[in-house]
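Now for the letters of each chain:
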Amino acid sequence: MIPVPFEYVRPSTVDGAVQALADGGEDAKVLAGGQSLVPVLRLRLAAPSVLVDLGGIPELRGIQEAGDELVISAMTRHADVLKDPLVRRYAPLLAQATATVADRQVRHLGTVGGSLSHADPAGDLPSVAVALDATMEVAGTAGRRRIPAADFFVDYLTTAMTAGEVLVAVRVPKREGWGTHYEKFNRVAQAWALVGVAAAVRRDDGVIAEARIALTNMGPTPVRAHAVEQALTGGPATVEAVAAAAGQALEGTRPAADVFASAEYRTHLAAVLTRRAVVAAGGIRAA
């Protein structure tokens, strides 16, 4: 199908984008990499009056250090995340999850900010942002503000950004010495996750000193597996201990039932994938 007619604006600054959204009103839409929006436009599931393309804003590209944080600008493409040495050093979990996003073509067009702003519960990056305690920096007519990832995703395809705000950057706390792993179960290559698990583990002399776990597609938003984290922290880094803790992965979840999987199957997957992710992240081997 062909999208309905719309006005196209390509600003060169963040302030220009914010103004264009304000001028466009509630029917204005932001275009980042276009990998989620363009199919929706072609199906006429969205009919914006104005499309604000962020592709011409240099400030929105790149990855840099800022003190104890890694700052990933919103229009940074997935392919650039995968090859960035700062990401590999300070936030390898982000690279691991990004490597599972769709296919090479999508990863060379899709952006970090676009994926997070879309807030699809089956998307891989939102759960990583929650697991890593990332912070979203957004800009609007009232200025800029920062939103913790735990508060950013509020419902299905819905974020805490207000109308007219633009995601500018993702700030990820630097972490060295942690083991990380993203475990994902999908029907076929390039498909959305039926369930995914983002895991970060810090070991100390055979003990799991800290753990951060978040689940993909186990509710309308990413789910932080606090019960699993608490069960793991201070315990032995053994397969048996991890398996016992992973059994609590369903706590706080609201898995959907759809044509791809039942809620019960997703619950089963969550426990299995949590065990696999933690074992891999912690470099744990069976005795």
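An account of the accompanying structure is given in this report. Remember, predicted model here, so these are calculated numbers, not experimental data. (Residues numbered from 1 in each chain as written. Predicted model: local features only at pLDDT ≥ 70, side-chain atom pairs only at ≥ 80, totals over all residues. Heavy atoms only, no water.)

## A closer look at the environment of D124
Point 1. Its location among the elements puts D124 in the loop between helix 7 (112-118) and helix 8 (125-131).
Point 2. Between the C-alpha atom of D124 and that of G196, which follows or precedes it by 72 residues, the distance is 7.2 Å.
Point 3. Each residue touching D124, except ones within four places of it in the same chain, is listed here: A97, T100, V101, Y182, K184, A193 and T216.
Point 4. Among the polar contacts listed, one links the side chain of D124 to the side chain of Y182, at a separation of 2.7 Å.
Point 5. Of note is the side chain of D124, whose polar atom sits 3.1 Å from the side chain of K184. (Helix = DSSP H or I, 4+ residues; strand = E, 2+ residues; numbered from the N terminus. Contact = heavy atoms within 4.5 Å. Polar contact = N/O pair within 3.5 Å; in protein donor to acceptor, adjacent residues only side chain to side chain.)

## A look at the packing of aromatic side chains
Point 1. For the structure shown, the criterion picks out two aromatic pairs.
Point 2. Ring centres of F152 and F153 lie 5.1 Å apart, and the angle between their planes is 90 degrees; on these two criteria the pair is classed as edge-to-face. In this pair, the class of F152 matches that of F153, namely buried.
Point 3. Geometrically, the ring pair formed by F185 and Y265 is edge-to-face, given 6.4 Å between the ring centres and 85 degrees between the ring planes. In this pair, F185 is assigned in strand 11 (residues 179-186) and Y265 in helix 12 (residues 263-281), connecting sequence segments 80 residues apart.
Point 4. Given the relative accessible area of 29%, F185 is considered partly exposed.
Point 5. The exposure class of Y265 is partly exposed, given its relative accessible area of 34%.
Point 6. Over the face of the ring belonging to Y90 we find K174, whose NZ or CZ atom lies 4.6 Å from the ring centre.
Point 7. In this arrangement the basic side chain of R175 is found over the ring face of W178, its NZ or CZ atom lying 5.4 Å from the centre. (Phe/Tyr/Trp six-rings, centres within 6.5 Å; stacked < 30°, edge-to-face > 60°. Buried < 20%, exposed > 50% of the residue type's maximum accessible area, 1.4 Å probe, protein only. Lys NZ or Arg CZ within 6 Å of the ring centre and 35° of its normal.)

## Here we look at the pattern of salt bridges
Point 1. In the structure shown here, the tally under the stated rule is 16 salt bridges.
Point 2. In this structure, R171 engages E69 in a salt bridge whose closest nitrogen and oxygen atoms are separated by 3.0 Å. In this pair, R171 sits in strand 10 (residues 166-173) while E69 sits in strand 5 (residues 69-73), placing the two residues 102 residues apart along the sequence.
Point 3. For E69, a relative accessible area of 17% gives the class buried. (Salt bridge = Lys/Arg side-chain N within 4 Å of Asp/Glu carboxyl O.)

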